[in-house]
Amino acid sequence: MLAVLLVLALTGVALWRALHSERGSAWLLAHLPGVVVSGTRGALLDDFEAAQITIEWPAGGGVTLSRVHWRGLRIERSGDAGLWLRVRVRVAELHADRIDLQPAPSTGPALSAPSNLRLPLEIDVSSLTVGEIHAPAWGAEPLRDLRLRAHLSAAAGTLHRVDDVSLAWGRLRAKGSAQIATRSPLDIEAKLALTQSDSAHLAWSAQATLAGPLQQPQLRATVRAWPRPGQRDDGPDHRLVEP
């Protein structure tokens, strides 16, 4: 038993040292199943960048991230009793120039809503930015300029939240925030503001909130439209409330 514990301890030390070195990080990435990484520079548990990261899902499909980097990645001890590992991962900056999503083929039954979203550790990303996100469902027009802050397992592991979210799709601009409880009934709170303006066409804006249990949230929305910029106050309001 003592020999097994000693081997585990030595393995843990070797892994920790590898994560803090550029050479060790490159070796670990080369041996991750389903992951192909090229053009790496830096250590995983520090400042790191890669020309491309491709992840293939076991059921098919995957995601490719181009020109990725993160800054200020740290692993800290957390005193929150709600976290199984009692570990906090902090990232000061996480960025990808482009993300390409390839969904897996839909062959099985529809997924049911989860009853628990708890994670064993806390993840706090101060700044996440993506230049473009491409997916077949969106056609040729990608999502652009995604920015947000993310905090998973916030409030002693009871909440996942994203704040200061902004993105663009064509002429559409969106801003918002959202949070969801990690335990049933998974109460959700979300706010969204949409705007679209074009001097040659109808301009409009919308405000929406979503609140309540994940299985049956209540949607409230207000939409305002006007024929051209400069007449915003004269546009009619349309309100929607959905159970």
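Heads up: the structure comes first, above all this text.
What counts, and where the lines are drawn
Residues numbered from 1 in each chain as written. Predicted model: local features only at pLDDT ≥ 70, side-chain atom pairs only at ≥ 80, totals over all residues. Heavy atoms only, no water. Salt bridge = Lys/Arg side-chain N within 4 Å of Asp/Glu carboxyl O. Buried < 20%, exposed > 50% of the residue type's maximum accessible area, 1.4 Å probe, protein only. Helix = DSSP H or I, 4+ residues; strand = E, 2+ residues; numbered from the N terminus. Polar contact = N/O pair within 3.5 Å; in protein donor to acceptor, adjacent residues only side chain to side chain. Contact = heavy atoms within 4.5 Å.

(A) Spotlight on the pattern of salt bridges. This structure, assessed with the given rule, holds eleven salt bridges. Across the pair Asp163 and Arg161 runs a salt bridge whose closest N-O atoms are separated by 3.0 Å. Since its relative accessible area comes to 30%, Arg161 is described here as partly exposed. When salt bridges with common partners are traced through the structure, they connect Glu76, Arg88, Arg90, Glu122 and Asp124 into a single cluster.

(B) Focus on the environment of Arg23. Mapped onto the elements of the fold, Arg23 is located in helix H2 (residues 22-30). Sequence spacing of Arg23 and Thr40 is 17 residues, and the spatial spacing of their C-alpha atoms is 9.7 Å.

(C) Representation of the side chain of Arg88 in the model. Inspection of the secondary structure puts Arg88 in strand S6 (residues 87-91). What makes Arg88 buried here is its relative accessible area of 15%. One polar contact links Arg88 to Glu122, side chain to side chain, over a distance of 3.1 Å. Each residue touching Arg88, except ones within four places of it in the same chain, is listed here: Arg74, Ile75, Glu76, Arg77, Ser78, Asp80 and Glu122.

(D) The environment of Glu141, seen in detail. By secondary structure assignment, the location of Glu141 is in the loop between strand S8 (122-134) and strand S9 (143-153). Residues Glu141 and Trp169, spaced 28 residues apart in sequence, show a C-alpha to C-alpha distance of 7.0 Å. In contact with Glu141, other than residues within four places in its own chain, are Trp169 and Gly170.

Everything listed here is a matter of coordinates, which is why it stays silent on function.
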